[in-house]
Amino acid sequence: MGSKFHAFRTVIGARLMLALILISRARSVSCSVSYDRKAIVIDGQRRILISGSIHYPRSTPEMWPDLIQKAKAGGLDVIQTYVFWNGHEPSQGEYYFEDRFNLVQFIKLVQQAGLYVHLRIGPYVCAEWNLGGFPVWLKYVPGIAFRTDNQPFKDAMQGFTQKIVNMMKAEKLFQPQGGPIILSQIENEFEMVEWEIGEPGKAYTKWAADMAVGLSTGVPWVMCKQADAPDPVINTCNGFYCENFEPNSNSKPKMWTEVWTGWYTGFGGAVPHRPAEDLAFAVARFIQNRGSFFNYYMYHGGTNFGRTAGGPFIATSYDFDAPIDEFGSLREPKWSHLRDLHQAIKQSESALVIADPAVSSLGSKQEAHAFESGSEACAAFLANYDTRFSVKVTFRNGRYDLPPWSISILPDCQTAVYNTASVRAESSPVQMVPVKSAFPWQSYRDETISYGEDGATEEGLLEQISVSRDVSDYLWYAIDFTISQDEAFLTNGQSPVLTVSSAGHALHVFVNGQQAGSAYGGLGNPRLTYSDKVKLMAGMNKVSLLSVAVGLPNIGLHFETWNAGVLEPITLEGMNSGKWDLSKWKWSCKVGLKGEALSLHTPISSSSVEWTEGSTLAQNQPLIWYKTTFDAPRGIAPLALDMNGMGKGQIWINGRSVGRHWPAYTAHGTCGACIYAGTFDENKCQSNCGEASQRWYHIPRSWLNPTGNLLVVFEEWGGDPTQVSLVQSSGSSPSEKNLPHHGPGTSHGPSMAFLAFMLLISGIKQLLLFR
């Protein structure tokens, strides 16, 4: 009995010891990340890495686990995200890492799913994000100039970069600490700016690289679209195609940090779509030309909630025609077609990381890339670059059919398991089905301002953002002037013409409290000019101009210096004394709307004013606030607001900003048949011409209460709220139905910590039972 007890105790003790070791390893598994000319090397193993961009603030924390699991099921190894400085430090020295900006939570969810992270710290992100990710307060640091050899800027940039790196280190999120972060990025697409500004740009590039490397993260740093990235920083490619890109050193791997899966939508622009066949062709072509890391930008685009959209004129939707759509549903056939591509690439990985391709001709527009290393491994890519004709080719005594503009992948150099133009998955376009209409609307009329009312009074006109600091889209300019009874236009009917020049982005003109007209710019040119006859009367006249920003610029040379708002000249033509130049007269400026000051969009403050309803409901009038309540529909299907019938403004649900709406800005572009074959660009396959650039506005289910949800809409132009409806996407693709549902923090298999925990519990139970 004693010997049996001793043996049993030894077994249990060993089991407990193993469990403790596993728990220790689960908490701090240290790994190494490096690179060579072939690939990123993780723990001594070269890897072909497949990545996808999911930007954490463009979805909700409740959506993150499902998005991450769908990315994993789609064959991704890595999730790539920018870090959004203006979301994390909205006021200088005051930081925010909660809710949609909980970066650590997002990264830990990626880790729990068993995926890696590429953290693009920037901190310039571009990304069609407001001011390119820079906080507005940064514009007003004395002596600052963005993205050049400027000490105030470098001090601020280094401070934020260090904060993010230190935060990641504290949470042990870099790969050498046992975390998921295997790559980091400093700066972003700086090459063209550097070329324009010359030596200060080159000095800044070197400084940024040295600063980043000096932070000792233990993982490689990259600079995208930066041919002169200093060693050891890896320069990478962004674009629709990158097969011909080469790194600036033969010691660096060939990496594609942005494979553009589609393109962004701008208000007034058509909606772009990139065919799945061409996207797969571009990726396969990159891999056959020795590429070893590629990242889909975007894999899930999401939503520009609130006032985060940049541009200006970037739409609230950032769907990007990505494999996972704005609402979190699989876009088919794109998602499945890429998943199958990834499987074929992974089957070829052992050959791809060892050998260089032997290229041979298979015809006038056809060729083979064969990766072979003795008897160890062999993989081949057979390409047909002809955009019109299918061909049959012979490769190593085998016959293969190649559709136009396609590549077949042979993981064993014999069997074609995948062709980029052969789509097997069914198309599943999203159908938006109304679930709630005929809302019980109430309305409240906002007010124009008059000269000298509340706001500051200045001689001349002030630039909008310098006054508003972007706390609101809206800035009022107001002036009063007296018209003499002797003015000829009062009797001859020839009304004077008011001309207003503006740096953008939209303008509403009110004369004596009545709307005289509106004007707006566009994605290509935000500037505008309003010029029209106005009705003036003898005596005092009041002109109020509501200037509206539609996102701050995110790209361009020193875009921080670009203006917004009403600028000179402002003229009144047709007066007895000739043209009046009102530009140098005294003007009042006031930031924001009365409804904003009253917080009418919030549940607490929405009842602070008297609203009208029923027969007195305001319709098709400017400057109107609308509110209603509704109960959440049953189920989990994604929800959106159909805003057709409205003009331009903003939307809130239970006090949270959905974003800007502008369905009245109809799309212009080149819409028609879309042929996948041939070089793609953002103008090739477009839709929605003549319709709203964006009709549906995403309402996250996690923002809703079961009952009594407050919906508030501010309408600038004038619209009919009775046409607004709540819709949900109907059905799901066959692929989505086959995916398991994953709640927050789950993964496909048990983690090491879970296995260790179960082993420990088992051992403790057996000891207790023995006693």
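To be clear, the structure that these remarks concern was listed above.
First things first, this report covers the structure right here in the doc. Worth saying up front: this structure is predicted, and the values here are computed from it rather than measured.

## Structural notes on the packing of aromatic side chains
Under the criterion given, the structure shown has 53 aromatic pairs. Residues Tyr 96 and Phe 101 carry aromatic rings whose centres are separated by 6.3 Å and whose planes lie at 65 degrees to one another, so their mutual orientation is edge-to-face. In this structure Phe 101 comes out as buried when scored by relative accessible area, which is 9%. Residues Phe 190 and Tyr 204 carry aromatic rings whose centres are separated by 5.0 Å and whose planes lie at 70 degrees to one another, so their mutual orientation is edge-to-face. Pair noted here: Phe 190 is in the loop between β7 (181–186) and α6 (191–197) and Tyr 204 is in helix α7 (residues 199–213), with a separation of 14 residues, a long-range link. Over the aromatic face of Tyr 318 sits the side chain of Arg 58, whose NZ or CZ is 3.6 Å from the ring centroid. Directly above the aromatic system of Tyr 124 lies the positively charged group of Arg 147, at a separation of 3.7 Å from the ring centroid.

## Topic: the packing of helix α2 (residues 64–73) against helix α4 (residues 103–112)
Relative placement of two packed helices is described by the angle separating their axes and the distance separating the axes. Their axes nearest at 10 Å, the elements α2 and α4 cross at an angle of 40 degrees. The orientation of α2 with respect to α4, classified from their angle, is oblique. For α2 against α4, the interelement crossing comes out right-handed. Two secondary-structure elements touch here, α2 through Trp 64, Pro 65 and Ile 68 and α4 through Gln 105, Phe 106, Leu 109 and Val 110. Grouping the amino acids of the contact of α2 with α4 by side-chain chemistry returns six nonpolar, one polar and no charged.

## Brief notes about the pairing of strand β30 (residues 578–581)
For a regular strand, side chains alternate in direction, first toward one face of the sheet and then toward the other. In the sheet, strand β29 (residues 566–575) pairs with β30 via three bridges, with the strands oriented antiparallel. Across the sheet, residue Met 575 finds its bridge partner in β30, namely Gly 578. Turn length for the β29-β30 hairpin, with the two strands adjacent in sequence and antiparallel, is two residues.

## Considerations on the environment of Glu 243
Relative to the assigned elements, Glu 243 resides in the loop between β9 (234–239) and β10 (255–260). Glu 243 sits in the buried class, given a relative accessible area of 10%. Sequence spacing of Glu 243 and Val 141 is 102 residues, and the spatial spacing of their C-alpha atoms is 42 Å.

## A closer look at the state of the cysteines
Applying the stated criterion across every chain, the model contains four disulfides. Across the disulfide, Cys 237 is cross-linked to Cys 242 (sulfur-sulfur distance 2.0 Å). Sign of the S-S torsion, about -75 degrees for the bond between Cys 237 and Cys 242, identifies this disulfide as left-handed. Each disulfide pairs two cysteine sulfurs, and for Cys 674 the partner residue is Cys 685, the sulfurs being separated by 1.9 Å. Taking the sign of the torsion about the S-S bond as the criterion, the disulfide between Cys 674 and Cys 685, at about 80 degrees, is right-handed. Pair noted here: Cys 674 is in the loop between β36 (656–661) and β37 (686–687) and Cys 685 is in the loop between β36 and β37, with a separation of 11 residues, a long-range link.

## What to know about helix α8 (residues 276–288)
Between its terminal C-alpha atoms α8 stretches 18 Å, which fits the 18 Å expected from 13 residues at 1.5 Å a residue. With 13 of 13 residues buried, α8 is to be regarded as a mostly interior element. Just past α8, the residue Arg 290 takes up positive phi, approximately 80 degrees.

What counts as what
Per chain, residues are indexed from 1 in the order of the written sequence. Totals for whole chains, interfaces and linings use all residues, but because this is a predicted model, local features are given only for residues with pLDDT of at least 70 and pairs of side-chain atoms are given and counted only at 80 or more. Side-chain metrics in this entry use all non-hydrogen atoms of the structure; hydrogen atoms and water are not considered. Geometry of aromatic contacts follows a simple scheme: Phe, Tyr and Trp rings, the Trp one being its six-membered ring, pair when their centres are within 6.5 Å, and the pair is stacked under 30 degrees between planes, edge-to-face over 60, tilted otherwise. Relative accessibility decides the category of a residue: with a 1.4 Å probe and only protein chains considered, values under 20% of the type maximum give buried, values over 50% give exposed, and everything between is partly exposed. By the criteria applied, helices consist of DSSP H or I runs no shorter than four residues and strands consist of E runs no shorter than two, each listed in order from the N terminus. To sit over a ring, a charge needs its Lys NZ or Arg CZ within 6 Å of the ring centre and within 35 degrees of the ring normal. All axes are obtained by fitting lines to C-alpha atoms, using only the stretch in contact for helices, and the reported angles, taken between N-to-C directions, cover 0 to 180 degrees. Should an angle fall under 35 degrees it is called roughly parallel, over 145 degrees roughly antiparallel, and 65 to 115 degrees roughly perpendicular, with every other angle called oblique. Should the near helix be turned counterclockwise from the far one by less than a right angle, the crossing is left-handed, whereas a clockwise turn marks it as right-handed. Throughout, a residue-residue contact means that at least one pair of heavy atoms, one from each residue, lies within 4.5 Å. Three classes are used, and their members are as follows: Ala, Val, Leu, Ile, Met, Phe, Trp, Tyr, Cys and Pro are nonpolar, Asp, Glu, Lys and Arg are charged, and the others, Gly among them, are polar. Think of it this way: DSSP has to see at least two bridges between two strands before they count as a pair. Any two cysteine sulfur atoms within 2.5 Å of one another count as a disulfide. An expected span of 1.5 Å times one less than the residue number is assigned to each helix.

Keep in mind these values describe shape, not function.
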